[in-house]
Protein chains: 2
Amino acid sequence: MGKAKPTKYAILSLLSLEPMSGYDMKKLIDVSLVHFWSESYGQLYPTLRALESEKLVTSRRERGSGKPDRIVYTITRKGRWELKNWLRQPADIPRVRYELLLKLFVGSMLPVESNAEQIRLQRRELAHGLSKFRLYRKMVMEDGVDPMHRVYFLLTIRHGEMVARARIRWCDEALKILGEVAKESPDE
Amino acid sequence: MGKAKPTKYAILSLLSLEPMSGYDMKKLIDVSLVHFWSESYGQLYPTLRALESEKLVTSRRERGSGKPDRIVYTITRKGRWELKNWLRQPADIPRVRYELLLKLFVGSMLPVESNAEQIRLQRRELAHGLSKFRLYRKMVMEDGVDPMHRVYFLLTIRHGEMVARARIRWCDEALKILGEVAKESPDE
DNA sequence: CGTGTCATGTAATCAGTTACATGATTCA
DNA sequence: TGAATCATGTAACTGATTACATGACACG
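Residue positions are given per chain, counting from 1 as you read along its sequence in written order. Each chain gets a letter, beginning with A, and each ligand a number, beginning with 1, in the order they are written. Whole-chain, interface and lining totals are the exception, using all residues; otherwise, since this is a predicted model, local features are given only for residues with pLDDT of at least 70 and side-chain atom pairs are given and counted only at 80 or more. Hydrogens and water molecules were not included; the side-chain quantities draw on all heavy atoms of the structure.

Just checking my understanding: could you explain the nonpolar core for this structure?
Taken as a class, soluble globular proteins show a tendency for nonpolar side chains to be buried jointly. To define a nonpolar core, start from buried Ala, Val, Leu, Ile, Met, Phe, Trp, Tyr and Cys residues and group those joined through side-chain atoms within 4.5 Å. Any residue under 20% of the maximum accessible area for its type is buried, any over 50% is exposed, and the rest in between are partly exposed; the area is computed with a 1.4 Å probe on protein chains only. Core analysis: the biggest nonpolar cluster contains 107 residues, and Trp170 of chain A together with Trp170 of chain B have the highest contact counts within it. Top element by residues in this core is helix H7 (residues 147–184) of chain A. It accounts for 13 residues. Contacts are assigned to residue pairs with any non-hydrogen atoms lying within 4.5 Å of each other. Apart from residues no more than four positions distant in its own chain, Trp170 of chain A is found in contact with Leu100, Leu101, Leu104 and Ile119 of chain A together with Leu155, Arg158, His159 and Met162 of chain B. Going along the chain from the N terminus, every DSSP run of H or I of four or more residues is numbered as a helix, and every run of E of two or more is numbered as a strand.

Even after reading the chapter, I still don't get the protein's contact with DNA strand C, so can you show me in this structure?
If even one non-hydrogen atom of a residue comes within 4 Å of a molecule or strand, that residue is called near it. Close to DNA strand C lie 21 residues, the nearest being Tyr23, Arg49, Ile71 and Arg97 of chain A together with Ser40 of chain B. Each atom of DNA strand C within 4 Å of the protein belongs either to a base or to sugar and phosphate, the latter forming 65%. A 3.5 Å cut-off defines polar contacts: any pair of N or O atoms within that distance qualifies, except that in protein one atom must be a possible hydrogen donor and the other a possible acceptor, and neighbouring residues in sequence count only when both atoms are side-chain atoms. The contact in question runs from a phosphate oxygen of DNA strand C to an N or O atom on the side chain of Tyr45 of chain A, over 3.0 Å. One nitrogen or oxygen atom from the side chain of Gln43 of chain B is found 3.1 Å from a phosphate oxygen belonging to DNA strand C. At the level of elements, helix H2 (22–32), helix H3 (41–53) and strand S2 (70–75) of chain A together with helix H1 (6–17) and helix H3 (41–53) of chain B are the ones that each hand at least two residues to the surface near DNA strand C. Looking at which element gives the most residues to the surface near DNA strand C, the answer is H3 of chain A, with three residues. Residue composition of the surface near DNA strand C, grouped by class: six nonpolar, nine polar and six charged. Just so you know the grouping, Ala, Val, Leu, Ile, Met, Phe, Trp, Tyr, Cys and Pro go in nonpolar, Asp, Glu, Lys and Arg go in charged, and all remaining residues, Gly too, go in polar.

Would you take a moment to explain the relation of the copies chain B and chain A for this structure?
Copy one and copy two of the chain differ by a rotation about an axis and a translation along that axis. Alignment of the copies relies on least squares applied to C-alpha atoms, considering only residues that score at least 70 for pLDDT in both. Here chain B sits on chain A after a turn of 180 degrees about the axis and a move of 0.0 Å along it, with an RMSD of 0.0 Å. Viewed as a symmetry operation, the transformation between the two copies matches a two-fold axis. Interface overlap between copies is the fraction of interface residues in one copy that are interface residues in the other; for chain B against chain A it reaches 99%, indicating a shared surface.

Which parts of the structure should I look at to understand the layout of surface pockets?
One number sums up the size of the second largest pocket: a volume of about 610 Å³. Here a cavity means grid points, on a 1 Å grid over the protein atoms only, where a 1.4 Å probe fits yet cannot get out; a pocket means an open set of points with protein on both sides within 12 Å along at least five of seven lines; lining residues are those with an atom within 4 Å of a point. What lines the second largest pocket is a set of 19 residues, among which Arg95 and Val96 of chain A together with Arg95, Val96 and Arg97 of chain B lie closest to the centre. Here the lining of the second largest pocket is built from residues that sort into eleven nonpolar, no polar and eight charged. Grid points are joined across faces, edges and corners, and a volume is the space filled by probe spheres set on the points.

Is there a simple way to explain the interface of chain B and chain A in this structure?
The parts lose accessible area when they come together, and the size of an interface is often stated as this lost area. Between chain B and chain A, the contact holds 70 residues from the first and 69 residues from the second. Buried area is a sum: the accessible area each of two parts loses on coming together, probed at 1.4 Å, counted once for each and added. Carbon and sulfur atoms make up 70% of the area that chain B and chain A hide from each other, which totals about 7200 Å². In what follows, salt bridge is the name for a side-chain nitrogen of Lys or Arg lying within 4 Å of a carboxyl oxygen of Asp or Glu. Our count for the contact surface shared by chain B and chain A stands at four salt bridges. Summed over the shared surface of chain B and chain A, the number is 30 residue pairs in polar contact (both at pLDDT 80 or more).

Please explain unusual backbone geometry as it appears in this structure.
Excluding glycine, a negative phi dihedral is what most residues carry, and trans is how most peptide bonds are arranged. Here the phi dihedral of Lys5 of chain A falls at roughly 55 degrees; this positive angle occurs in a residue that is not glycine. Here Lys5 of chain A lies in the segment before helix H1 (6–17). In this structure Lys5 of chain A comes out as exposed when scored by relative accessible area, which is 60%. In the Ramachandran plot, Lys55 of chain B falls in the positive-phi region, its phi being about 65 degrees despite a non-glycine side chain. When you line up the elements, Lys55 of chain B lands in the loop between H3 and strand S1 (57–62). Using a relative accessible area of 60% as the deciding quantity, one classes Lys55 of chain B as exposed.

How do you make sense of the pattern of salt bridges when you look at a structure like this?
Two side chains carrying opposite charge are able to pair once their charged atoms lie near each other. Residues and elements named next belong to chain A. Scanning all chains against the criterion turns up 34 salt bridges over all chains. With its nearest N and O atoms 2.8 Å apart, the salt bridge here joins Glu82 to Lys8. Of this pair, Glu82 sits in helix H4 (residues 77–88) while Lys8 sits in helix H1, and the two are 74 residues apart along the sequence. Neither Glu82 nor Lys8 differs from the other in exposure class; each is buried. One network of salt bridges, in which partners are shared, links Asp24, Arg60, Glu62 and Arg70.

Just to check I follow, could you spell out helix H6 (residues 112–142) of chain B for this structure?
Think of an α-helix as turning once every 3.6 residues; residues three or four places apart then point the same way. Counted at 1.5 Å a residue, the expected span for H6 of chain B with its 31 residues is 45 Å, and the 46 Å between its end C-alpha atoms agrees. Taken together, the buried positions of H6 of chain B are occupied by Val112, Asn115, Ala116, Gln118, Ile119, Gln122, Leu126, Leu130, Phe133, Tyr136 and Val140 of chain B. Residues of H6 of chain B that are buried in the fold lie against H4, helix H5 (99–105) and H7 of chain A together with helix H2 (22–32), helix H5 (99–105) and helix H7 (147–184) of chain B. Residue count minus one, scaled by 1.5 Å, sets the expected span of a helix.

I keep staring at the packing of aromatic side chains and nothing clicks. Help me out?
Two numbers describe a pair of aromatic rings. These are the distance of the centres and the angle of the planes. Each pair of aromatic rings taken from Phe, Tyr and Trp, with Trp reduced to its six-membered ring, is defined by centres within 6.5 Å and is described as stacked if the planes are under 30 degrees apart, edge-to-face if over 60, and tilted in the remaining cases. Using the criterion set out here, one finds ten aromatic pairs over all chains in the structure. Note on Tyr9 of chain A and Trp86 of chain A: the rings are 4.8 Å apart at their centroids and 10 degrees apart in plane angle, and the pair reads as stacked. In this pair, Tyr9 of chain A is assigned in helix H1 and Trp86 of chain A in helix H4, connecting sequence segments 77 residues apart. Judged by centre distance (5.5 Å) and plane angle (15 degrees), the rings of Tyr41 of chain A and Tyr45 of chain A are stacked. Separated by four residues within a single helix, Tyr41 of chain A and Tyr45 of chain A lie in helix H3, roughly one turn from each other. Its relative accessible area of 30% is what places Tyr41 of chain A among the partly exposed residues. An aromatic cluster is defined as three or more aromatic residues linked by ring pairs; in this entry it consists of Tyr23, Tyr41 and Tyr45 of chain A. In this analysis the charged atom, NZ for Lys or CZ for Arg, is taken to sit over a ring once it is within 6 Å of the ring centre and within 35 degrees of the ring normal. Over the ring of Tyr41 of chain B we find Lys26 of chain B; its NZ or CZ atom is 5.8 Å from the centre of that ring. Here the basic side chain of Lys103 of chain B rests over the ring of Trp86 of chain A, its NZ or CZ set 4.3 Å away from the ring centre.

Geometric descriptors of this kind do not, in isolation, establish any biological role.
Right, dumping it as C-alpha cells:
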C-alpha cells in the first residue's frame with residue numbers, strides 16, 4: 001500500500017489549518033514542527049504546483065506592495081478528503097539514522113574522552129532544544145489559538161519535551177559510565 | 001566541511017569490529033543497530049566496491065560449499081585512519097520526519113477516537129521494540145564479546161530503551177488526555 | 001552601504017529504496 | 001512441492017538537499 005509522498009500530505013495538513021503560501025509553510029515548519037518535520041523549498045514549491053494540478057489545492061496571487069507577490073494556497077474539498085484518507089492510515093515508523101549512536105557503537109576506536117566530548121556536545125544541543133519548547137508552549141497557550149487545535153499542538157510539544165528529556169538523562173548516565181571507564185584504564 | 005556519506009562510514013565502522021561480507025552487515029544492522037541505523041543492499045554493495053577502489057577496504061572471495069561464494073571485506077590501515085577522522089567530527093543531528101506527530105498535529109480533522117487508535121498502534125510497536133532490547137542486551141552480556149566493545153554496545157542499547165520508554169509514557173499520557181477530551185465533547 | 005527579510009523558483013546532484021535476477025540448499 | 005536462507009548484484013525510480021537566480025525594501 002503506502003507510497004507515502006510525505007511532502008504532499010505535510011502540505012495538505014498545514015493548509016487544513018489555514019490558507020498560506022509556500023514561504024509561510026517553510027517558516028511554520030522551521031519554528032513549530034522542527035522537532036518532527038522538515039521541508040526544503042526545492043521540495044515545497046514543485047509539490048504545491050503538482051497539488052494544484054491535482055485539484056487538491058487552489059491558488060490566488062496576492063499583490064505585495066513593495067514586497068514580492070505571494071501565492072496563497074487554499075485546500076479544496078477534494079484535498080480535505082484525500083488528507084483525511086491519509087490520516088486514517090496507520091502512521092509508518094520512521095527508520096532513523098542517528099550518527100551519534102553509530103559513532104559510539106565503535107567508540108573503542110577512540111580514547112574515552114573523545115566519546116565523552118561527543119556526548120557533551122549532544123547534551124548541549126538537546127538542552128537548547130528543550131528551552132525552545134518552553135517558548136513555543138507559551139505561544140500556543142497565550143495566543144488566540146483555536147482550542148480544538150490546541151490540544152493536539154500541545155501533544156506534539158509534549159512529545160518533543162519528553163523525548164528530549166529522556167535523551168538528556170541518557171547523556172548524563174552515559175557520561176557517568178564513561179567516567180568510570182576512564183578511571184579504570186587511564187591509559188590510551 | 002561535512003558531506004557525510006553515512007553509508008560509507010557505517011561500513012567502515014562495522015569492519016572495524018571484524019571482517020565481514022555485505023550480507024553479514026545487513027544482518028548485523030537489522031538485528032543489533034536497527035533502532036539507530038538502516039541500510040539496503042542497493043546501497044551496501046555498490047558502496048563496498050567504491051571503498052575497495054579507494055583502498056579503504058580489501059576483499060577476498062570465500063568459496064561456499066553448496067552455498068554461494070561470499071566476499072569478505074577487511075578494513076585497511078587507510079580505512080581505519082579515515083574512520084577515526086570521521087569519528088572525531090561532531091555527530092550531526094538528524095532531521096526526522098515523524099509521521100505520527102504530523103498526523104496528530106492536524107488531529108482535529110478526525111474524531112478523537114481515530115487519533116487515540118493511532119497512538120495505541122504506536123504504543124504496541126514501541127512495546128514490541130522494548131522487548132527486543134532485553135534479548136539483545138542478554139546477547140551482549142553472555143557472549144564472548146570483547147569487554148572493550150561491550151561498554152559501548154550497552155550504551156546504544158540503553159539509549160534505545162530510554163527513548164522507547166519515554167515514548168511509551170507519552171503515549172499513555174496522550175491517551176489519557178484524549179480520553180478526557182472525548183468525555184467533554186462526546187459528539188462528532 | 002551592506003545585510004537581512006520577503007518570496008518564488010529551478011537545475012544539478014545526491015542518497016536511498018524497491019523490485020528484480022540468479023541459483024543451490026535446506027526444511028517442513 | 002514450495003518456501004526460506006544464503007549471497008551478490010543492478011536498474012529504475014523517488015525523494016530530497018543544495019546552490020543558485022531574481023529584485024525590492026527595511027534596518028542599523
